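# Summary of the model geometry
The primary structure of each chain is shown beneath.
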Amino acid sequence: QVQLVESGGGLVQPGGSLRLSCVASGFTFNNDYMRWYRQAPGKERELVAGIAVSGGSTNYVDSVKGRFTISRDNGKNTVYLQMNSLKPEDTAVYFCNALRAGGNIYWGKGTLVTVSS
């Protein structure tokens with residue numbers, strides 16, 4: 001059974017940090033482009049960060065550049081999102097996404113991040 005399971009969300013104060021993890025099971029994602037999306041209340045889902053197969057190429061939405069870092073460990077079938085200097089506007093449900101080499105897309109169920117004092 002194919003699964004992407006996110007973890008690491010929670011409540012954090014502005015300026016704080018969180019590290020999200022996404023573990024893939026039921027498939028090997030070594031050849032997949034991995035992405036993190038987020039969806040804030042009342043807003044559309046947006047792409048936050050992406051990482052290439054080798055991990056050598058990453059990209060970020062402008063609003064998180066310099067604060068968030070995406071990384072992957074192919075041996076553990078895991079992708080991470082390190083989030084620093086968090087702001088209230090980062091509050092959202094964060095989703096892991098696998099874009100497979102054949103074109104299929106898998107989604108996790110998301111983990112909630114709340115940035116509030």
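Computed from a predicted structure; not experimentally measured. All residue numbers refer to position in the chain's written sequence, counted from 1. Totals for whole chains, interfaces and linings use all residues, but because this is a predicted model, local features are given only for residues with pLDDT of at least 70 and pairs of side-chain atoms are given and counted only at 80 or more. Each side-chain value is derived from all of the structure's non-hydrogen atoms; neither hydrogens nor water enter the calculation.

Now for the state of the cysteines. Two cysteine sulfurs form what is called a disulfide whenever their separation falls within 2.5 Å. Counted according to the given criterion, the structure contains 1 disulfide. Cys22 shares a disulfide with Cys96; S-S distance 2.1 Å. Note on the Cys22 and Cys96 pair: the S-S dihedral is about -80 degrees, so by sign convention the disulfide is left-handed. Of the two residues, Cys22 is situated in strand β3 (residues 18-25) and Cys96 in strand β9 (residues 92-99); the sequence distance between them amounts to 74 residues. Summarising the burial analysis for this pair, Cys22 and Cys96 share the class buried. Segments assigned H or I by DSSP are reported as helices when at least four residues long, segments assigned E as strands when at least two residues long, and all are numbered from the N terminus. Exposure categories follow from relative accessible area, calculated using a 1.4 Å probe and restricted to protein chains: below 20% of the type maximum is buried, above 50% is exposed, and the middle band is partly exposed.

Now for the pairing of β3. For two strands to count as paired, DSSP must find a minimum of two bridges between them. Bridge count between strand β1 (residues 3-7) and β3: 5 bridges; the pairing is antiparallel. Note that in β3 the partner of Leu4 across the bridge is Ala24.

A separate point is the environment of Asp73. Considering the arrangement of structural elements, one finds Asp73 in strand β7 (residues 68-73). Residues Asp73 and Gly110, 37 residues apart in the sequence, show an inter-C-alpha distance of 19 Å. Any two residues whose heavy atoms approach within 4.5 Å at even a single point are treated as in contact. When residues no more than four places from it in sequence are discounted, the contact partners of Asp73 are Phe29, Thr78 and Tyr80.

Taking burial as the measure, the 7 residues of strand β4 (residues 33-39) include 5 buried ones, the bulk of the element. Relative to β9, β4 runs antiparallel, the two sharing 7 bridges. Opposite Tyr37, over in β9, you have Phe95 as the bridge partner. Direction of pairing for β4 relative to strand β5 (residues 46-51): antiparallel, over a ladder of 5 bridges. By the bridge assignment, Tyr37 is partnered in β5 with Leu47.

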